[in-house]
Amino acid sequence: MKFYLISDNIDTQMGLRLAGIEGAVVHTPEETERELTKAVNDKDIGIVLITEKLSSMCPDLVYDMKLKYSRPLIIAIPDRHGSGRGEDSITGYVRDAIGVKI
């Protein structure tokens with residue numbers, strides 16, 4: 001099973017490409033829909049990573065894809081500009097998951 005990235009900037013794509021994750025850079029909701037459809041139809045792709053900016057640009061599309069298809073898993077990730085979440089959201093996740101304050 002492979003990962004696939006749908007990003008709104010080339011820096012995120014290049015960083016994940018170094019980790020072996022292929023993907024595409026898109027800028028419009030139409031391009032995002034095309035890439036999501038392509039990923040859903042590829043039986044080898046198990047997880048789709050999509051930047052938060054693209055996910056927030058077309059939330060209905062991403063939500064519908066998550067409901068309609070059991071595979072691949074679609075996950076919104078922050079890009080190099082940061083996250084729409086609070087400053088210490090990772091710290092909060094760790095604290096909530098394993099009960100350790102860091």
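Residues numbered from 1 in each chain as written. Predicted model: local features only at pLDDT ≥ 70, side-chain atom pairs only at ≥ 80, totals over all residues. Heavy atoms only, no water.

Some words on the pairing of strand 1 (residues 2-7)
Remark: a regular strand shows side chains that alternate across the two faces of the sheet. With five bridges connecting them, strand 1 and strand 3 (residues 45-51) associate as parallel partners. Its bridge partner being in strand 3, Lys2 is matched across the sheet by Ile45. When strand 1 meets strand 2 (residues 22-25), the two strands line up parallel, connected through four bridges. Residue pairing in the sheet places Ser7 in a bridge with Val25 of strand 2. Tracing the backbone out of strand 1, into helix 1 (residues 10-18) and back to the parallel element strand 2 gives a crossover that is right-handed. (Pairing = 2+ DSSP bridges. Helix = DSSP H or I, 4+ residues; strand = E, 2+ residues; numbered from the N terminus. Right-handed = clockwise from strand over helix to strand, strands pointing away.)

Description of the pattern of salt bridges
Evaluated as defined, the whole model comprises four salt bridges. Of the charged contacts, one joins Glu35 and Arg34 as a salt bridge, the two residues approaching to 3.6 Å between their closest N and O atoms. Across the pair Lys38 and Glu35 runs a salt bridge, and its minimum N-O distance is 3.6 Å. Residue Lys38 and its partner Glu35 are both found in helix 2 (residues 29-41); the two are separated by three residues, about one turn of the helix. (Salt bridge = Lys/Arg side-chain N within 4 Å of Asp/Glu carboxyl O.)

Looking at the packing of helix 2 against helix 4 (residues 59-68)
The geometry of a pair of packed helices is captured by two quantities: the angle between their axes and the separation between those axes. Packing of helix 2 against helix 4 brings their axes to within 10 Å, and their N-to-C directions diverge by 10°. Considering the angle they form, helix 2 stands roughly parallel to helix 4. Pair helix 2 / helix 4 crosses with right-handed handedness. In contact with Pro29, Thr32, Glu33, Leu36, Thr37 and Val40 of helix 2, helix 4 contributes Leu61, Val62 and Met65. Considering only residue class, the contact of helix 2 with helix 4 consists of six nonpolar, two polar and one charged. (Axes fitted to C-alpha atoms, helices over the stretch in contact; angles between N-to-C directions. Parallel < 35°, antiparallel > 145°, perpendicular 65-115°, else oblique. Left-handed = near helix turned anticlockwise from the far one by under 90°. Contact = heavy atoms within 4.5 Å. Nonpolar A, V, L, I, M, F, W, Y, C, P; charged D, E, K, R; others polar.)

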